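# Reading the structure
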Amino acid sequence: MALPNNHGYFGNFGGSFIPETLYSCLEELKKAYARAKKDKSFKTNLDYYLKEYAARPTRLYFAKHLSAYLGLKVYLKREDLLHTGAHKINNSLGQALLAKYMGKKRIIAETGAGQHGVSAATVARLFGLSCDVYMGEEDMARQRMNVFRMKILGAKVIPVLSGSKTLKDACSEAIREWVTSVRDTYYLIGSTFGPHPYPMIVRDFQSVIGKEARAQIIQKEKKLPDFLVACVGGGSNAMGLFYNFFKDEKVKFIGVEAGGLSRNLNSASISYGDIGVLHGAKTYVLQDKFGQVKGTHSIAAGLDYPGVGPEHSFYNDSKRGRYVTVKDSEALEGFKMLSELEGIIPALESAHAIYYLKKLAKKNKGALVILCLSGRGDKDLEIVQSYLDAEKRG
Amino acid sequence: MNIKQKFQQLKKEGRKAFIAYVPFGFPSIAKTKDILLALQEAGVDIIELGIPFSDPIADGPIIQAATAVALAKGANTKNIISTLKALKPSLKVPLALMTYYNPILQAGVAKFFSQMRQAGACAILTVDLPIDEAHEYRRLAKKYGIETVFFITPVTPKERAKKIIRSASGFLYYISVTGTTGLGKTLSFTSLARHIKQLKLQTELPICVGFGIHTRKQIERVWNFSDGAIVGSGIVKFIADNHSKRNFLNRLKKYVKSLKPD
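Just so we're clear, the structure is a prediction, and the values are computed from it rather than from any experiment.

## Points about the overall build of chain A
- Tallying secondary structure elements over chain A gives 16 helices and 14 strands in all.
- For chain A, whose C-alpha radius of gyration is 19 Å, the value lies close to the compact-globule estimate of 21 Å for 394 residues.
- C-alpha extents for chain A along the principal axes are approximately 55 × 50 × 40 Å.
- Within the span of chain A, comprising 394 residues, buried residues form 66% of the whole.
- Nonlocal contacts in chain A, meaning residues at least 24 apart in sequence, comprise 75% of its contacts between residues at least 6 apart.
- As displayed, chain A offers around 14,700 Å² of accessible surface, 52% of which is attributable to carbon and sulfur atoms.
- Both charge centroids of chain A, one from 56 positive and one from 40 negative side chains, sit 5 Å from each other.

Below is the structure:
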């Protein structure tokens, strides 16, 4: 059976927990998406922009040195080479075309690391839509370059001062704006979360990653991989990679969550959270026993979120995927490892997945792995520098 | 007195409902007790007591800020019940709890309903639980004698409104604007009146109007075509601005009375 079901559920997870005001626009979105999916010209159009504008297909690169170092056979799915520097553009192109298809003139978006904000601002420019991006004040400070990029692209970046001033609050604020201007505004959600049909739509637009990777690995290795490894915040790059391998039961999925600083301060919703409802979906949520959502932390702003896409929660509970944690310090090691061995500077988000390969290698020598290199590290250089300086000072 | 009896009484007396919203735990748990009693003395017909939630996606800045204070003061689903139990002998105004879904999901919906019933609350409004997700919730609410209020908005399609009416009890909450709670909204009274008139043809349930309503004049106008007006952010702002002043409770009573049309 295809998931989600008609009510937006992946097993026990998902659904649509929203203020009543949003009901009709989600219905409108469901209908428009169903129409667009069947519309050949929509697909042709999207394929054109993915290829000519975003530079798809991305390469599946055999990381020779990393493989030798770890005793694995590692291929990198190079989403970092896409226009704007991360996988986010796949989804933004798809949804912006959908917004246009629906006749909307304005998009709003939330962003954590700024990668989704940049890709939303980019497609808004491309398709002549106006664009407001909600971003936590703390994230604006630590991702200054992306803020500047969005401004250059003509988007309005709206600082969010509530709560922890990170992605969670940016998301709440974007929903508030959406409730307010629901009649003419399209909410371009950046990851596989939110109310139905967003987790499905974002997954579908990101599934191009796994679709390509599956064909590429078969061509290069004449077989399917043993493991797929990707970082999980909201979970869109991971779901994008995993989805087309769902029926390949021997291919194991590993989602790497941000272990942050400790068991008490992290962003690992599946590993350390409980089932709850956040931003429209039932999923694993980092929360206290009274159902208040906890403050989170990750060195990677793009993983710094207390919830996770409901389909990942479903993969976890049905044992289709395994979800593990990698701490800040380990992610930094992953960051250095890939930079030094392969000459590729990864985003700190992806660096979590890279580090995990080290753990994976211990018991799985020689295994064939595809790792989703979801973004490039340029945006993170200041952060990495400050951590390295702190390390030096001891 | 429960909500049904309250509306029957109001109808008999030819009056409309004045409903006040305050968040539990703001500015402190102890002061919430005094505030609830002050609202009662000021002649509020129904009190909506908000359960603070860390991510109030339907609330504007005033209630967001109050909620953050309440959470910092330790407000939660456990001490809201114990506070209400302690107040039960003196608080006679029908009490509805307004919440987001996650706090009651974690408390256990059945357990929470049974406890709130014992504590004297008679209705629940859950902002982010639309009827489609509310089957079990409604079943349990019925079992424990809790009325389930649902929302209708200016963008609710007609067919949808019918379903909501069938799912609701106690009263219907008509959200006056597309947007969050707060002040400074532009209310279109003509279209409000028209929508509510249409809904009235379909249901006997009282229809009360909330969001953006905070002046006596607005309340008067809303009363013309509905069964009640809900004031939230206006009162919360008054509490925020005045709770540390002398004679705060008297000021609050005076303010609330000044909102209520004769």
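## So, the layout of surface pockets
- When its volume is computed, the largest pocket comes out at roughly 550 Å³.
- Forming the boundary of the largest pocket are 17 residues, of which Lys43, Leu46, Asp204, Ser207 and Lys211 of chain A lie nearest the centre.
- Elements supplying a minimum of two residues to the lining of the largest pocket: α1 (23–38), α2 (40–53), α9 (198–206) and α10 (208–221) of chain A.
- Looking at the lining of the largest pocket element by element, the count peaks at five residues for α2 of chain A.
- A class-by-class count of the residues in the lining of the largest pocket yields eight nonpolar, three polar and six charged.
- The calculated volume of the second largest pocket comes to roughly 460 Å³.
- Every residue lining the second largest pocket is counted, 18 residues in all, and those nearest its centre are Phe7, Lys11, Glu204, Leu205 and Pro206 of chain B.
- The greatest single-element share of the lining of the second largest pocket, amounting to five residues, is contributed by helix α1 (residues 3–12) of chain B.
- Of the residues in the lining of the second largest pocket, the class split is five nonpolar, five polar and eight charged.

## As for a positive patch on the surface
- Taken together, the side chains of Lys85, Lys88, Lys92 and Arg117 of chain B present a region of like positive charge at the surface.
- Of note, lysine 88 of chain B is situated in the loop between α4 (77–87) and β3 (95–99).

## Focus on the sheet that holds strand β7 (residues 207–210) of chain B
Residue and element names in this part refer to chain B.
- The parallel closed barrel is built from eight strands, whose spatial order is β1-β2-β3-β4-β5-β6-β7-β8. Averaged over all neighbouring strand pairs, the angle between strand axes comes to 25°, with direction disregarded.
- Bridging between strand β6 (residues 172–175) and β7 involves four bridges; their strand directions are parallel. Looking across to β7, one finds that isoleucine 175 is bridged to glycine 210.
- Of the strands in this sheet, β1 (17–23) and β2 (46–50) touch helix α2 (residues 29–41), which is tilted by about 175° from β1.

## Describing helix α15 (residues 348–363) of chain A
- Along α15 of chain A, 12 of the 16 residues are buried, which leaves the element largely enclosed by surrounding structure.
- Buried within α15 of chain A we find Leu348, Glu349, Ser350, Ala351, His352, Ala353, Ile354, Tyr355, Tyr356, Leu357, Leu360 and Ala361 of chain A.

## Some thoughts on the pattern of salt bridges
- The final tally for this structure, using the stated rule, is 39 salt bridges over all chains.
- Lysine 51 of chain A is the partner of glutamate 52 of chain A in a salt bridge, and the nearest nitrogen-oxygen pair spans 3.7 Å. With respect to class, glutamate 52 of chain A is no different from lysine 51 of chain A; both count as exposed.
- For aspartate 132 of chain A, the salt bridge goes to arginine 106 of chain A, with nearest N and O atoms at 2.8 Å. Taken together, the residues span a long stretch of sequence, with aspartate 132 of chain A in strand β6 (residues 130–136) and arginine 106 of chain A in strand β5 (residues 106–111) at a distance of 26 residues. Considered together, aspartate 132 of chain A and arginine 106 of chain A belong to a single accessibility category, that of buried residues.
- Several salt bridges share partner residues, and in doing so they unite Lys6, Glu13, Arg15, Asp45 and Lys260 of chain B into one network.

## With respect to the side chain of serine 350 of chain A
Residues and elements named next belong to chain A.
- Mapped onto the elements of the fold, serine 350 is located in helix α15.
- Within the structure, the side chain of serine 350 is placed 2.8 Å from the side chain of serine 374, a separation counted as a polar contact.
- Here glycine 375 takes part through its backbone nitrogen, which lies 3.3 Å from a polar atom of the side chain of serine 350.

## So, the interface of chain A and chain B
- Contact with chain A, which involves 32 residues of that partner, is made by 36 residues of chain B.
- Counting the surface lost from both chain A and chain B, the interface buries some 2,800 Å², and carbon and sulfur atoms represent 53% of this.
- A per-residue breakdown of the area chain A buries against chain B is headed by Glu20, Arg176 and Phe290 of chain A, which together make up 25% of the total.
- Two residues, arginine 160 of chain B and glutamate 20 of chain A, come together in a salt bridge whose shortest N-O distance is 2.8 Å.
- Taken together, the connections running from chain A to chain B amount to 18 residue pairs in polar contact (both at pLDDT 80 or more).
- The set of elements that each furnish at least two residues to the side of chain A that touches chain B consists of α1, α8 (167–180) and β11 (274–278) of chain A.
- Counted by class, the side of chain A that touches chain B contains 13 nonpolar, 12 polar and seven charged residues.

## Some thoughts on empty space enclosed by the protein
- With the rule as written, the count across this model stands at six cavities of 30 Å³ or more.
- Every residue lining the largest cavity is counted, 28 residues in all, and those nearest its centre are His87, Lys88, Gly302, Leu303 and Glu349 of chain A.
- Of all the secondary-structure elements, those providing two or more residues to the lining of the largest cavity are β5, α5 (115–127) and α11 (236–242) of chain A.
- Grouping the constituent residues of the lining of the largest cavity by class yields eight nonpolar, 16 polar and four charged.
- Forming the walls of the second largest cavity are 28 residues, and the residues nearest its centre are Tyr21, Asp59, Ile63, Met98 and Thr181 of chain B.

## Brief notes about helix α9 (residues 189–200) of chain B
- Here α9 of chain B contains 12 residues, and its C-alpha end-to-end distance of 16 Å stays within 8% of the 16 Å for a straight helix at 1.5 Å per residue.
- The inward-facing, buried residues of α9 of chain B abut β5 (147–152), α8 (158–167), β6, β7 and α10 (216–225) of chain B.

## Regarding the pairing of strand β8 (residues 228–231) of chain B
All names here are of chain B.
- Side chains of β8 alternate between two faces, with Gly228 and Ile230 and Ala229 and Val231 buried alike.
- When β1 meets β8, the two strands line up parallel, connected through four bridges. Its bridge partner being in β8, alanine 20 is matched across the sheet by valine 231.
- Judged from the two bridges that link them, β7 and β8 form a sheet pairing that is parallel. Counted as the bridge partner of valine 209 is alanine 229 from β8.

About the criteria used
- Residues numbered from 1 in each chain as written.
- Chains lettered and ligands numbered in written order.
- Predicted model: local features only at pLDDT ≥ 70, side-chain atom pairs only at ≥ 80, totals over all residues.
- Heavy atoms only, no water.
- Helix = DSSP H or I, 4+ residues; strand = E, 2+ residues; numbered from the N terminus.
- Rg over C-alpha atoms; globule rule 2.2 N^0.38 Å.
- Buried < 20%, exposed > 50% of the residue type's maximum accessible area, 1.4 Å probe, protein only.
- Contact = heavy atoms within 4.5 Å.
- Areas by Shrake-Rupley, 256 points an atom, 1.4 Å probe, with all protein chains shown as cover.
- Lys, Arg positive; Asp, Glu negative; His and termini not counted.
- Charge placed at Lys NZ, Arg CZ, Asp CG, Glu CD.
- 1 Å grid on protein atoms, 1.4 Å probe; cavity = no way out; pocket = protein on both sides within 12 Å on 5 of 7 lines; lining within 4 Å.
- Points joined across faces, edges and corners; volume = space filled by probe spheres on them.
- Nonpolar A, V, L, I, M, F, W, Y, C, P; charged D, E, K, R; others polar.
- Patch = residues over 30% accessible without salt bridge, like charges linked within 9 Å, V, L, I, M, F, W, Y side chains within 5 Å.
- Salt bridge = Lys/Arg side-chain N within 4 Å of Asp/Glu carboxyl O.
- Pairing = 2+ DSSP bridges.
- Axes fitted to C-alpha atoms, helices over the stretch in contact; angles between N-to-C directions.
- Polar contact = N/O pair within 3.5 Å; in protein donor to acceptor, adjacent residues only side chain to side chain.
- Buried area = accessible area lost by both parts, 1.4 Å probe.
- Expected span 1.5 Å × (residues − 1).

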